[in-house]
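Residue-level listing of the chains:
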Amino acid sequence: MNNKINIPNQITFRLFSCLCLNVNLLIINIWGVSPVYADNKLEVSHVITNQDHHQTLNINPFAINKPQITRQNFQQDIDLLQRKYKLDVISTSNQPISRKQAIALQRELENLIGRVESAYLAAAVNRSQKNQSSRRNVKSSQPTTNSSFNETLAKAREVVKNIPVLIAKKEYALVRQQLLETKLNLWQKFPIDQRVAQPETRAVWLDRETIVNAKNEAGLAKVFDRLEQAGINTVFFETVNASYTIYPSQIAPAQNPLIKNWDPLKSAVKLAHTRGMELHAWVWVFAAGNTSHNQIIGIDDNYPGPVLEANPDWANYDHRGKMIPIGQNKPFLDPAHPQVRKYLLNLYSEIINRYQVDGLQLDYIRYPFQNPFVNRTYGYGKAAREKFKQETNVDPINISPRQRQLWQKWTAFRTEQINSFVAEVAQLLRKKNPSLILSVAVFPLPEYERVQKIQQHWEVWARRGDVDLIVPMTYALDTRRFQKLAQPWINSRKLGSTLLVPGIRLLSLPTLGAFDQLQLLRDLPVSGYALFAVDNFNDELDQMLASTQGRIRRSYVQPIPQRQPFRTAAFRYAALRQEWLLLIDNDRTFINSTTARIDFKNHSQKLQNALNQLAALPSVSNFISARAELVRFKTNFNSLMTSVDKTNPYRVKVWENKLLTIERLLRYGERKVLNSGSK
């Protein structure tokens, strides 16, 4: 198979159009509109508008009348949002660019240059490893570039340098045009026909629609063949959706009616394990129904789902007594109801006991969206009201957000219902099988806003060690916005030893844009990603993934971070060290002192030996040795990179990030492998 991806003219035009949109969104001052989030579903997404932001803070001096609640100003589909702003500013706009915006544009372009170079260096490492296995000279695998590549990078750096000059001349349209052209040229220089990936979590959500369309195990096998070729190693398999199970359950009242005469979960576990993949059961937790799904299966829109139909007193309500809030499309269960919790735990026990799943992913582990400052509140299930009244002698339906102290108690109460349930699920999994992985699909809203609006405080779950993977739905169509969404959580010190796996939404994302977001994550201190969803895969994306990260051969299985963190750390560090050795052998400007080069090789080898020993024999003593060696090496590394940082700061930062990833893998491994006793 030819790994070279040819980009036809229409795709090039689409890429250019997408870039135009992205840069226009950046340059015009529309950042009052926060990015869009969605609970892994191709339907309605929550949008926080500028107006909504002021309402949240309760500081809008112009709000004379209560805002009208409509579908338009409460929720919007991500596609509508993109179309809304697509033609606001064209690439020839001469709207002024501020100094702050100019700096952001320069930094964005510099980072893209860095990602392109980083991808080429990673490709060189993979070639060197292949050559070593063939007993060829490592020096023959120095980073392969050509005059066109070098010329593109040189022109890009010139554009970066000229941005302030053009802005000083008020040639704003020219800045935009050059930026768009440069970004497109750099994208097309990505080595998408070469292997660049190291061991990482490569997860994908395998959605209900794809499962239904497969029709049987043979059809599902084709899906898993496709994922195997793409290098996917972790599958979040949609197992409970709108209270329907994908499998024939003895606990749930109904299997999804779109499934005919087969057990997709049983087939999926077998198909995944045969291909060296992990299969995690992805379950909707408190979202009990879905009007969109009702339409698909041809029943009444108002049907609340099989669980609430059988147990109407389990329902949650908004302040008007409605199960489905205005502008939304899902009724929710009451997390405070003891029978709800018992039912869900029994259901998860059934999944774990009957099927050899590798983990469980909790989705909709929250309340519906609310905004108390515009009279949109939720959580008034019968059990919740009674329980809160017992604790405070106050019925929460009578509390106003203006009663700040009491309202915060009510918010804290609801948040604790979610927190305590996550803890119960974690305890269940540890009791059943300590090696099971618990992950959560969560919203990347700021912490305070998230707690106020959906009572989802996942930092608590991470710090307590309840969950193994935090998967924030950092969905964006451009890399800069994607980074703005993901960076706060990547940098967070509130996640304890829990691993972070940012989500990438493939819908409407061009293939090169997807690669750019993947490369960004590979340059940041995270150990993988999750793609939403299989339904959005296409031939071009398949080929890019197969070339850059696909399985070399079925007999060769790389370690998966959440399963083998110590082996992953050793593998990833070996690749990182190979980057340094390649540069030492082929770039005389990299550590130009002979003595320093020798010392660096020796110190880096000591760390490699310690990590290899820990990977081969996980033990407390080997862990302590490896961690101490890492600390010593980082101290030496930081002093040695001072001169390199002046010429290529992006590259040095990437190396620091990769060392931090190894440190985080060790912390996770300490809890998951050493403390749990599972290896």
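Predicted, not measured: the structure shown is a model, and the values here were computed from it.

Peer 1: Where do I start with the overall build of the chain in this structure?
Peer 2: A count of helical and extended segments in the chain gives 25 helices and 12 strands. Contacts spanning at least 24 positions in sequence make up 80% of the contacts within the chain whose residues lie at least 6 apart. When the accessible surface of the chain is split by element, carbon and sulfur atoms take 49% of a total near 28200 Å².

Peer 1: Looking at this model, I keep getting lost on the packing of aromatic side chains. Mind explaining?
Peer 2: Each aromatic ring pair is summarised here by two numbers: the centre-to-centre distance and the angle between the ring planes. Under the criterion given, the structure shown has 28 aromatic pairs. A ring pair is formed by tryptophan 205 and phenylalanine 532, whose centres lie 5.8 Å apart and whose planes are at 70°; its orientation type is edge-to-face. Residue tryptophan 205 is found in strand S3 (residues 201-206), and its partner phenylalanine 532 is found in strand S12 (residues 528-532); the two are separated by 327 residues along the sequence. A relative accessible area of 0% places tryptophan 205 in the buried class. Consider the rings of phenylalanine 369 and phenylalanine 443, whose centres lie 5.1 Å apart with planes at 80°: the pair is edge-to-face. Note that phenylalanine 369 is positioned in the loop between strand S7 (359-363) and helix H14 (382-392) and phenylalanine 443 in the loop between strand S8 (437-442) and helix H16 (447-454), a separation of 74 residues in sequence.

Peer 1: What exactly am I supposed to notice about helix H25 (residues 649-675) here?
Peer 2: Think of an α-helix as 3.6 residues a turn; residues three or four steps apart then line up on the same face. In this model, H25 (27 residues) spans 38 Å end to end at C-alpha, consistent with the 39 Å of a helix rising 1.5 Å per residue. Of all the bends found along H25, the most pronounced is centred on glycine 669 and spans about 35°.

Peer 1: When you look at the pattern of salt bridges in this model, what are you seeing that I'm missing?
Peer 2: Between side chains of opposite charge, a pair can form when the charged atoms approach closely. Counting across every chain of the model gives 26 salt bridges. Linking arginine 354 and glutamate 350 is a salt bridge whose minimum nitrogen-to-oxygen distance equals 3.3 Å. Taken as a pair, arginine 354 and glutamate 350 lie in helix H13 (residues 338-354) at a separation of 4 residues, close to a single helical turn. The class of arginine 354 is partly exposed, set by a relative accessible area of 38%. Among the salt bridges present, the one from glutamate 629 reaches arginine 632, with a minimum N-O distance of 2.8 Å. Taken together, the positions of glutamate 629 and arginine 632, both in helix H23 (residues 620-640) and 3 residues apart, correspond to about one turn of that helix. Each member of the salt-bridge network shares a partner with another, and the members are Asp225, Glu228, Arg275 and Arg551.

Cut-off values and rules
For every chain, the first residue of the written sequence is number 1, and numbering continues from 1 along that sequence. The predicted origin of the model limits local features to residues at a pLDDT of at least 70 and limits the giving and counting of side-chain atom pairs to 80 or more, whereas totals for whole chains, interfaces and linings rest on all residues. Note that water and hydrogens are dropped before the side-chain values are worked out from all heavy atoms of the structure. Counting from the N terminus, the helices are the DSSP runs of H or I reaching at least four residues and the strands are the DSSP runs of E reaching at least two. Contact definition: two residues touch when any of their heavy atoms are within 4.5 Å. Accessibility throughout is a Shrake-Rupley quantity obtained with a 1.4 Å probe, and a residue counts as covered only by protein chains that appear here. Here a Phe, Tyr or Trp ring, Trp counted by its six-membered ring, pairs with any other such ring whose centre lies within 6.5 Å, and the pair is stacked when the planes are under 30 degrees apart, edge-to-face when over 60, and tilted otherwise. To sort residues, take the accessible area from a 1.4 Å probe on protein chains only and compare it with the maximum for the residue type: under 20% means buried, over 50% means exposed, and anything in between is partly exposed. Here the expected length of a helix is defined as 1.5 Å per residue gap, with one fewer gap than residues. By definition, a residue's bend is the angle between the axes fitted to the seven residues ending there and the seven starting there. Only one rule defines a salt bridge in this text: a Lys or Arg side-chain nitrogen within 4 Å of an Asp or Glu carboxyl oxygen.

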